[in-house]
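An overview of the molecular structure
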Amino acid sequence: MSASSNLRSEDQFLCSICLDVFTDPVSTSCGHNFCKKCITLHWDMNQSCQCPMCKKVFNIRPELHVNTFISEVVAQFRREAEQKASSSSSEQQAAKPGEVPCDVCTRTKLKALKSCLVCLLSYCETHLEPHLTASRLKRHQLMEPVENLEGRMCVKHDKPLELLCKTDQTCVCMLCPVLDHKNHEFVPLREEYEGKRAELGKIQAEIQQMILKKRLKVQEVKKSVKMSRDAADREKAEGVQVFTVLMESVERGLKELIKEIEDKQETTEKQAEGFIKDLEQEISELMRRSSEVEQLSCSEDHLHLLQSFSSLKAAPPTKDWTEGSVHPPSHEGTVVRAVAQLEETLRKHMKKKKLFEAELKRVQQYAVDVTLDPDTAHPNLILSDDGKQVYHGDVRKNLPDNPERFSYCVCVLAKQSFSSGRFYFEVQVKGKTDWDFGVATESINRKGKITLSPQNGFWTVWLRNGNKYGALIRSPLPRYLQSGPEKVGVFVDYEEGLVSFYDVDAAALIYSFTGCCFTQKLHPYFSPCRNQGGKNSAPLIICPVNQT
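What comes next is a walk through the structure. (Residues numbered from 1 in each chain as written. Predicted model: local features only at pLDDT ≥ 70, side-chain atom pairs only at ≥ 80, totals over all residues. Heavy atoms only, no water.)

**Comments concerning the sheet that holds strand β5 (residues 114-116)**
Sheet strands associate in pairs through backbone hydrogen bonding, adopting either a parallel or an antiparallel arrangement. Taken in spatial order, the 3 strands make up an open sheet running β6-β5-β7, and their pairing is antiparallel. If you trace the sheet from one side to the other, it starts and ends with β6 (121-123) and β7 (142-143), each paired once. As judged from the 2 bridges shared by β5 and β7, these two strands associate in the antiparallel manner. Bridge pairing in β7 links Ser115 to Met143. Relative to the sheet, helix α4 (residues 125-133) contacts β5, β6 and β7, its axis offset from that of β6 by approximately 110°. (Pairing = 2+ DSSP bridges. Helix = DSSP H or I, 4+ residues; strand = E, 2+ residues; numbered from the N terminus. Contact = heavy atoms within 4.5 Å. Axes fitted to C-alpha atoms, helices over the stretch in contact; angles between N-to-C directions.)

Here's what the structure looks like:
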């Protein structure tokens, strides 16, 4: 008989008391077989000796002897079952940490597939087979493998916990309502399970709602922090701008102050040098006369002394130095005047800044919705789905070379065009090292090299190498913040012939083209420039205008 056939008839070797394969099988006179230990304990716990199968009562407790034939058959069955389990263990998975192991496996503990609430054991695929084939074991209640099966049994009646006593809120077995929980209210565990599961669903929904609210709050706080950071950045940029002007004014005022003091000192020193030169000439003449007088006084020639006396008697002509003196220049009030001038410069700058802020608010009222036109985009440019962002990609797309498309320079125009009135839009340039944008006429060159100048139909500003700004091809902007703008506003007054560029965050004018003569439609023009190996990969972003 093969191992598989033995396993299929395994119910022949099961003890009806422990429901497991016989251990030391014994036979009663009524012809039924049991484990020696099981039948002995059964009779010890009952007053009468009765067969558990046919209920035959023995007046005298039978003397039990191991049935050697059944014992040998059972031993062979065990060996064959273990061999089959061993041969299939390579196909089945061994229990990993955290998984429920089979309670029957004697060597490698395989992963349990089911747990039996009657046997209080967990079984792998091999050892589960009797519960799937044996008629008696098919009635047992199987469940997904769990540990601590004893905790699922009633400690008083050794029966599975199948009911919930709603009065005591305790899980009980089927005997408890009769013996220990009289007149209590009971519901099946499954029914209560479904109710509690529905409650858990509501609780889960409430928790998810709370999580959503908390996440929204986190987003709100993050948004507040970002707004605060942006405001701080704007204030820092404004502070840098103001103090740059102030430091330039201080340096200029200090130079002027030092020059004024030094000029006064130089004038005084030149005056003193003139006085000293004249005095030294007179001293030299007097010393010469003194020498002549001394020589004459020592002469023994009477006639010579008398003839020369009249010419030496008179003193040589000299200036009257009574009023001649050098007065140190007065510097009183010089520093005070310099500081007052500095304050006036700062006041004018702040007034000018307020005017720029008012001007920016005024032009922002003419904000228009601008979107990029993919039919004009160079094949290397990547446009966002909403038409608000553009950056340079490494792969050139295979696109039709229609007349509107730029084929040489990495540029793109907006779908919108303007032939009258005023319009304004803003572009974020944060993180970029190269860019140019502004407005261009409809007839610009789209198939060759481009020179950014009004003569060629372009009114733009640009950045190169992260620090060089310009508005005309040979005319870099002479003065600008070192940090550079992060958002640039473009304003056009068609009839006035004006194109102005603003640093939005600093509320400062970057450059203005004035006196322009527009005769064609104007399109907003954008070039994110090449990505420079990733250094200039950030996109140009057309931003919504925040009119604050």
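**What about the packing of aromatic side chains?**
For the structure on display, the rule yields 11 aromatic pairs. Relative to Phe58, the ring of Trp43 lies with its centre 6.1 Å away and its plane at 70°, an arrangement referred to as edge-to-face. In this pair, Trp43 is assigned in helix α2 (residues 36-45) and Phe58 in strand β4 (residues 57-58), connecting sequence segments 15 residues apart. With respect to burial, Trp43 and Phe58 carry one shared label: buried. Members of the aromatic cluster, joined through ring pairs, are Trp435, Phe437 and Tyr469. (Phe/Tyr/Trp six-rings, centres within 6.5 Å; stacked < 30°, edge-to-face > 60°. Buried < 20%, exposed > 50% of the residue type's maximum accessible area, 1.4 Å probe, protein only.)

**Focus: the pairing of strand β16 (residues 458-464)**
Summarising burial for β16: 6 of the 7 residues are buried, a large majority. Here strand β15 (residues 435-441) pairs with β16 via 6 bridges, running antiparallel. When the bridges of β16 are listed, Phe437 appears paired with Val461. Relative to strand β17 (residues 468-472), β16 is paired through 3 bridges, and the arrangement is antiparallel. Bridge assignment links Leu463 to a residue of β17, and that residue is Tyr469.

**Some words on the nonpolar core**
The tendency in soluble globular proteins is for nonpolar side chains to be buried as a group. In terms of nonpolar packing, the biggest core is built from 35 residues, with Trp435, Phe437 and Phe526 touching the most fellow members. Non-local contacts of Phe437, meaning those with residues more than four positions away in its chain, are made with Val427, Val429, Trp459, Thr460, Val461, Val488, Val490, Phe501, Tyr525, Phe526 and Leu540. In terms of nonpolar packing, the next biggest core, distinct from the first, is built from 20 residues, Cys15, Phe22, Cys35 and Trp43 among them. (Core = buried A, V, L, I, M, F, W, Y, C linked by side-chain atoms within 4.5 Å.)

**Notes on the environment of His32**
Mapped onto the elements, His32 comes out in the loop between β1 (25-27) and β2 (33-35). In this structure, the C-alpha to C-alpha distance between His32 and Cys15, residues 17 residues apart in sequence, is 9.6 Å.

**Here we look at the state of the cysteines**
Per the stated rule, a full pass over the model turns up 0 disulfides. Considering cysteine sulfurs only, Cys176 is the nearest to Cys165, which forms no disulfide, with 8.8 Å between them. Judged by relative accessible area, Cys165 falls into the buried class, the value being 0%. Looking at the unpaired Cys171, the closest cysteine sulfur is the one in Cys165, lying at 9.9 Å. Judged by relative accessible area, Cys171 falls into the partly exposed class, the value being 41%. (Disulfide = S-S within 2.5 Å.)

**Concerning the sheet that holds strand β19 (residues 487-493)**
The 7 strands are arranged β11-β12-β23-β14-β19-β20-β21 in an open sheet whose pairing can be described as antiparallel. Where the open sheet ends on each side, the last strands, each with one partner, are β11 (381-383) and β21 (508-513). Mean inter-strand twist for the sheet, computed between neighbouring axes without regard to direction, equals 20°. Here 3 bridges tie β11 to strand β12 (residues 389-392), and the two strands are oriented antiparallel to one another. Paired with Leu381 across the two strands is His392, which belongs to β12.

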